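Next come the chains, spelled out residue by residue.
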Amino acid sequence: MRGADVHGSGSDGEPGFMAGSVVDHEFLALERELAVFLRRARATSGEMAREVHPDLEAAAYGLLVRLESAGSQRATDLAAYFGVGKATMSRQLRALEGLGLVARETDPADGRASLVRLTDEGLARFRSVRDARRGRYARKLAGWDRTEVAELARLLHHFNERAEE
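Residues numbered from 1 in each chain as written. Predicted model: local features only at pLDDT ≥ 70, side-chain atom pairs only at ≥ 80, totals over all residues. Heavy atoms only, no water.

## Regarding the environment of Glu68
Then step 1. Position of Glu68 relative to the elements: it lies in helix 2 (residues 58–70).
Then step 2. On a C-alpha basis, the gap between Glu68 and Phe126 in space is 8.3 Å, while along the polypeptide they are 58 residues apart.
Then step 3. Those residues in contact with Glu68 that sit more than four places away from it in its chain are Leu118, Leu123, Phe126, Arg127 and Arg130.
Then step 4. Polar contacts involving the side chain of Glu68 include one to the side chain of Arg127, which spans 3.2 Å.
Then step 5. Polar contacts involving the side chain of Glu68 include one to the side chain of Arg130, which spans 3.2 Å. (Helix = DSSP H or I, 4+ residues; strand = E, 2+ residues; numbered from the N terminus. Contact = heavy atoms within 4.5 Å. Polar contact = N/O pair within 3.5 Å; in protein donor to acceptor, adjacent residues only side chain to side chain.)

Laid out in structure tokens, this is it:
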């Protein structure tokens, strides 16, 4: 039976499930492809972190992404954004500071607080790695029609927005 034939709702009202927890083939395929995508993304994140600096942890690469896109941030705001504790964030920021990738400065809005920002070196290293990654994506998707690339981006954006609800 095709997945479209087993649509329905379970007791929890989730689409794609029926009484008896039969899952649509489409949802199983999606889960499988997302698992592959996420496994590759984690591996790529680790590689990119090492390209920025050989001693950079993969998890800390996301901090560089956030600081580059959002600008200077308080450590508490970064911890909240990533859903980690203050101690974890402090440890990661100390490591980034030690590598010369981030620096702290006094928050002009509150002299008692500090903001974390990318250093010039951190920004240059991050952008170099990011641009190389974008080039790899462009090469991998070179055979795709631009409307397919745009549709993939649109669908991933839609998925990510829903995941935050």
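## Description of the packing of helix 2 against helix 3 (residues 75–82)
Then step 1. Here helix 2 crosses helix 3 at 115 degrees, and the two axes come no closer than 11 Å. By the criterion of interaxial angle, the relationship of helix 2 to helix 3 is roughly perpendicular. Where helix 2 crosses over helix 3, the handedness of that crossing is right-handed. In contact with Gly62, Leu63, Arg66 and Leu67 of helix 2, helix 3 contributes Leu78, Tyr81 and Phe82.
Then step 2. In terms of residue class, the contact of helix 2 with helix 3 is built from five nonpolar, one polar and one charged. (Axes fitted to C-alpha atoms, helices over the stretch in contact; angles between N-to-C directions. Parallel < 35°, antiparallel > 145°, perpendicular 65-115°, else oblique. Left-handed = near helix turned anticlockwise from the far one by under 90°. Nonpolar A, V, L, I, M, F, W, Y, C, P; charged D, E, K, R; others polar.)

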